[in-house]
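# Results of the structural survey
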Amino acid sequence: DQQVKQNSPSLSVQEGRISILNCDYTNSMFDYFLWYKKYPAEGPTFLISISSIKDKNEDGRFTVFLNKSAKHLSLHIVPSQPGDSAVYFCAASARETGANSKLTFGKGITLSVRP
Amino acid sequence: NAGVMQNPRHLVRRRGQEARLRCSPMKGHSHVYWYRQLPEEGLKFMVYLQKENIIDESGMPKERFSAEFPKEGPSILRIQQVVRGDSAAYFCASSLSGALLSEQYFGPGTRLTVT
């Protein structure tokens, strides 16, 4: 049972345009969400997170939006750059802190930014 | 400050052999998490350890898999009598306190191939 779903396996956008990566979840207990970026042959790197008490969190070119009623979140990258080309994983947890705070990951979306 | 280190990066084992995967956390980190990524899948949580203690092993297969994090030395994920289905990328992550999820730093992974 896939509790975190990234239904689009890939996305291709033009440099300078906006990239929108979507993620859906089914577990109502999830209240903390993270996005990770992964290059080939490397481990995931934390990008940005959001707590369920917020609906938006922004960090430079990256913004995450959370729609808790729809159990949906999205990552916006603007403007997109060729260096953003990577696999992006959405992850969720039932808590932000504390012991036993394990992450549940989606399958990932491969983003390609065309020069 | 060196990041999370994993070795070997690539490991080939024949069916029935044992696989030992090592993870050296970042300096000062005493919390280690192991994840497995099967082909075309997201990362799946396996086990969470602190020094000399297993905190949460709810994601570990019931048989053939074990993990330890001794007082001295790296964390070890051990897979006995490997089968083809164990072929995957195994990632470990470490954190300073097990507190904020966003502070889990991932290693580059060990790619296990069972022939």
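Residues numbered from 1 in each chain as written. Chains lettered and ligands numbered in written order. Predicted model: local features only at pLDDT ≥ 70, side-chain atom pairs only at ≥ 80, totals over all residues. Heavy atoms only, no water.

### Brief notes about the overall build of chain B
A count of helical and extended segments in chain B gives zero helices and eleven strands. The secondary structure elements of chain B, listed N-terminal to C-terminal, are β-β-β-β-β-β-β-β-β-β-β. For chain B, the C-alpha radius of gyration of 13 Å lies close to 13 Å, the compact-globule estimate for 115 residues. Counting only C-alpha atoms, chain B reaches 35 × 25 × 25 Å along its principal axes. Expressed as a percentage of the 115 residues in chain B, the buried residues total 45%. Restricting to contacts in chain B with at least 6 residues of sequence separation, those with at least 24 account for 54%. Counting only carbon and sulfur atoms, one obtains 47% of the accessible surface of chain B, whose full area is about 5800 Å². Counting 16 positive and 11 negative side-chain charges, chain B places the centres of these two groups 8 Å from one another. (Helix = DSSP H or I, 4+ residues; strand = E, 2+ residues; numbered from the N terminus. Rg over C-alpha atoms; globule rule 2.2 N^0.38 Å. Buried < 20%, exposed > 50% of the residue type's maximum accessible area, 1.4 Å probe, protein only. Contact = heavy atoms within 4.5 Å. Areas by Shrake-Rupley, 256 points an atom, 1.4 Å probe, with all protein chains shown as cover. Lys, Arg positive; Asp, Glu negative; His and termini not counted. Charge placed at Lys NZ, Arg CZ, Asp CG, Glu CD.)

### With respect to the nonpolar core
If you look at the biggest cluster of nonpolar residues, it comprises 24 residues, and the most contacted ones within it are Phe33, Trp35, Leu73, Leu75 and Tyr88 of chain A. At the level of elements, strand S3 (19-25), strand S4 (32-38), strand S5 (45-51), strand S7 (62-67), strand S8 (72-77), strand S9 (86-93) and strand S11 (109-114) of chain A are the ones that each hand at least two residues to this core. Of all the elements, S9 of chain A adds the most residues to this core, at four residues. Met46, Val47, Ile79 and Val114 of chain B belong to the second-largest nonpolar core, a separate cluster that totals 23 residues. (Core = buried A, V, L, I, M, F, W, Y, C linked by side-chain atoms within 4.5 Å.)

### Side note on the sheet that holds strand S8 (residues 75-79) of chain B
Residue and element names in this part refer to chain B. Read from one edge to the other, the open sheet built from four strands follows the order S1-S3-S8-S7, with strand pairing classed as antiparallel. Strand pairing shows two members of the sheet lacking a second neighbour, strand S1 (5-7) and strand S7 (65-68), which therefore form its edges. Each adjacent strand pair in this sheet contributes to an overall mean axis angle of 15°, direction not counted. Pairing between S1 and strand S3 (residues 19-24): three bridges, direction antiparallel. Following the sheet pairing, Gln6 is matched in S3 by Cys23. (Pairing = 2+ DSSP bridges. Axes fitted to C-alpha atoms, helices over the stretch in contact; angles between N-to-C directions.)

### Regarding the pairing of S8 of chain A
All names here are of chain A. By the criterion of burial, S8 is predominantly enclosed, with five of the six residues buried. Here S3 runs beside S8; their pairing, made up of six bridges, is antiparallel. Bridging from a neighbouring strand, Asp24 pairs with His72 of S8. Counting the residues that bridge the hairpin from S7 to S8 gives four residues, and of these Lys71 lies at a positive phi of roughly 50°.

### Re the state of the cysteines
Residues and elements named next belong to chain A. Considering all chains together, one arrives at two disulfides over all chains under this definition. At a sulfur-sulfur separation of 2.1 Å, the disulfide partner of Cys23 is Cys90. With the S-S bond torsion at -75°, the cross-link from Cys23 to Cys90 turns out left-handed. Taken together, the positions of Cys23 in strand S3 and Cys90 in strand S9 put the pair 67 residues apart, joining distant regions of the chain. Judged by relative accessible area, which is 0%, Cys23 ranks as buried. (Disulfide = S-S within 2.5 Å.)

### Some words on a nonpolar patch on the surface
Together, Ile18, Ile20 and Val78 of chain A give the surface a local cluster of nonpolar side chains, amounting to about 230 Å² of exposed area. Relative to the elements of secondary structure, Ile18 of chain A occurs in the loop between strand S2 (10-14) and S3. (Patch = residues over 30% accessible without salt bridge, like charges linked within 9 Å, V, L, I, M, F, W, Y side chains within 5 Å. Salt bridge = Lys/Arg side-chain N within 4 Å of Asp/Glu carboxyl O.)

### A short note on the environment of Ile55 of chain B
Take Ile55 of chain B: it is sitting in strand S6 (residues 53-56). When the C-alpha atoms of Ile55 of chain B and Val32 of chain B are compared, they prove to be 9.9 Å apart, with 23 residues separating the residues in sequence.

### As for the packing of aromatic side chains
Residues and elements named next belong to chain A. In total, this model carries eleven aromatic pairs over all chains according to the counting rule given. Centre to centre, the rings of Tyr36 and Phe105 are 5.6 Å apart; their planes meet at 45°, and the pair counts as tilted. A residue pair is termed long-range when its members are at least 10 positions apart, and Tyr36 in strand S4 and Phe105 in strand S10 (residues 104-105) qualify at 69 residues. This pair shows no difference in class: Tyr36 is buried, exactly as Phe105 is. (Phe/Tyr/Trp six-rings, centres within 6.5 Å; stacked < 30°, edge-to-face > 60°.)

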